Amino acid sequence: KAGVTQTPRYLIKTRGQQVTLSCSPISGHRSVSWYQQTPGQGLQFLFEYFSETQRNKGNFPGRFSGRQFSNSRSEMNVSTLELGDSALYLCASSLEPGQGGITEAFFGQGTRLTVV
Amino acid sequence: TQLLEQSPQFLSIQEGENLTVYCNSSSVFSSLQWYRQEPGEGPVLLVTVVTGGEVKKLKRLTFQFGDARKDSSLHITAAQTGDTGLYLCAGSRTGNQFYFGTGTSLTVIP
C-alpha cells in the first residue's frame, strides 16, 4: 500500500511569491491534515480536510489556505510569502474513527520550503 | 500554550544506556501516538496506545499510557545509534485533530 506522497520535496521561493504544495493520501484515507514544522515552534497544525470540506483550522493567517479534491488529494497554498514561512510542511492522512476504530496519522516526507 | 509537554527536550546518551521520555498533559486523550522523525523527513508512527494503563513493547522500546489517559512515557533499553532522532508524542481527542508534543531530540553517541 503506497504511503502519503508529498510534492515537491524541496522548493525555493522569493518573498512575495505564492506557492502550492500537493499531498496524496493513503488510499482509502479521506482525512488530510497539514502541519508546519520549524525548529523554534515544533509541529503546528494548519488545517484538516475531510470530504472536500475544511473541518478544523489552526491559528494561521489567511495567507495559508487549502483545499481537497473528490479523490481526497489535497493542496495547500501560501500567498505573499514571508521569510518566516520557511519550514518543513507536512501532510498527514488518516481514517475516520468509524472506519478503523483508532485514529492514527500517517505522514508524508514533507516539502521543505525556503523563502529568500 | 502547548497541550502536550515532553521532557526532556534534549537528551544525549552513550550507546547501551537506558532512557525514558515523558509526555504530559492536563487533558484526556482517546488515544496517543509516538512518532520518530529523522532530519528532513516526516514523522514515522511507532505505536498507538488507547487504553489507560496500557503497555506496549516494540523490541527495545516500551510505551506506557497513563491510567487517566493524560500522559505517556517511552522507555528505550540499551540505546543504539539508530535510535537517534526526534521523538514526538501526539494525542487525539475527537475526530482527526492531533495535538503534538514539543518533541524530544535524542542523540545516541557510539
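This text follows the structure it describes.
Residues numbered from 1 in each chain as written. Chains lettered and ligands numbered in written order. Predicted model: local features only at pLDDT ≥ 70, side-chain atom pairs only at ≥ 80, totals over all residues. Heavy atoms only, no water.

1. Let's talk about the pattern of salt bridges
All names here are of chain A.
Next, step 1: Enumeration over the complete set of coordinates arrives at 8 salt bridges over all chains.
Next, step 2: The partner of arginine 63 in a salt bridge is glutamate 82, with the nearest N and O atoms 3.6 Å apart. You can see arginine 63 sitting in the loop between strand S6 (53-57) and strand S7 (64-68) and its partner glutamate 82 sitting in the loop between strand S8 (74-78) and strand S9 (87-94), a full 19 residues away along the chain.
Next, step 3: What you see here is one network of salt bridges that share partners, running through Arg63, Glu82 and Asp85. (Salt bridge = Lys/Arg side-chain N within 4 Å of Asp/Glu carboxyl O. Helix = DSSP H or I, 4+ residues; strand = E, 2+ residues; numbered from the N terminus.)

2. Focus: the sheet that holds strand S6 (residues 55-58) of chain B
Pairing between sheet strands relies on hydrogen bonds along the backbone, with the strands arranged either parallel or antiparallel.
Residue and element names in this part refer to chain B.
Next, step 1: A sheet is described by the order of its strands in space; here 5 strands give the open sequence S1-S3-S8-S7-S6, paired in antiparallel fashion. The strands lining the two open edges of the sheet, one partner per strand, are strand S1 (5-7) and S6. Sheet twist, expressed as the mean angle between neighbouring strand axes with direction ignored, is 15 degrees.
Next, step 2: Note that strand S3 (residues 19-24) and strand S8 (residues 71-76) share 6 bridges and pair antiparallel. Its bridge partner being in S8, leucine 19 is matched across the sheet by isoleucine 76. (Pairing = 2+ DSSP bridges. Axes fitted to C-alpha atoms, helices over the stretch in contact; angles between N-to-C directions.)

3. Remarks on the interface of chain A and chain B
Next, step 1: Facing 26 residues of chain A, the contacting portion of chain B comprises 20 residues.
Next, step 2: Interface area lost by chain A to chain B is led by Leu43(A), Thr103(A) and Phe107(A), which between them contribute 27%.
Next, step 3: Residue Arg9(A) is joined to Glu41(B) by a salt bridge in which the shortest nitrogen-to-oxygen separation is 3.6 Å.
Next, step 4: Inspection of the chain A/chain B interface yields 6 residue pairs in polar contact (both at pLDDT 80 or more). (Contact = heavy atoms within 4.5 Å. Buried area = accessible area lost by both parts, 1.4 Å probe. Polar contact = N/O pair within 3.5 Å; in protein donor to acceptor, adjacent residues only side chain to side chain.)

4. With respect to the side chain of Glu48(A)
All names here are of chain A.
Next, step 1: Note that glutamate 48 resides in strand S5 (residues 42-50).
Next, step 2: Look at glutamate 48 and you get buried, because its relative accessible area is 0%.
Next, step 3: Within the structure, glutamate 48 has its side chain in polar contact with the side chain of serine 31 (distance 2.6 Å).
Next, step 4: Polar contacts involving the side chain of glutamate 48 include one to the side chain of arginine 55, which spans 2.6 Å. (Buried < 20%, exposed > 50% of the residue type's maximum accessible area, 1.4 Å probe, protein only.)

5. Considering the pairing of S6(B)
Residues and elements named next belong to chain B.
Next, step 1: In this structure, S6 lies alongside strand S7 (residues 61-65), joined through 4 bridges in antiparallel fashion. By the bridge assignment, lysine 57 is partnered in S7 with threonine 62.
Next, step 2: Between the end of S6 and the start of S7, which pair antiparallel, lie 2 residues, with lysine 59 showing a positive phi angle near 55 degrees.

6. Focus: the sheet that holds strand S1 (residues 5-7) of chain A
All names here are of chain A.
Next, step 1: Spatially, 4 strands are ordered S1-S3-S8-S7 in an open sheet, and the strand pairing comes out antiparallel. Among the strands making up the open sheet, the edge pair consists of S1 and S7. Neighbour-to-neighbour, the strand axes of this sheet turn through a mean angle of 20 degrees, independent of strand direction.
Next, step 2: When S7 meets S8, the two strands line up antiparallel, connected through 5 bridges.

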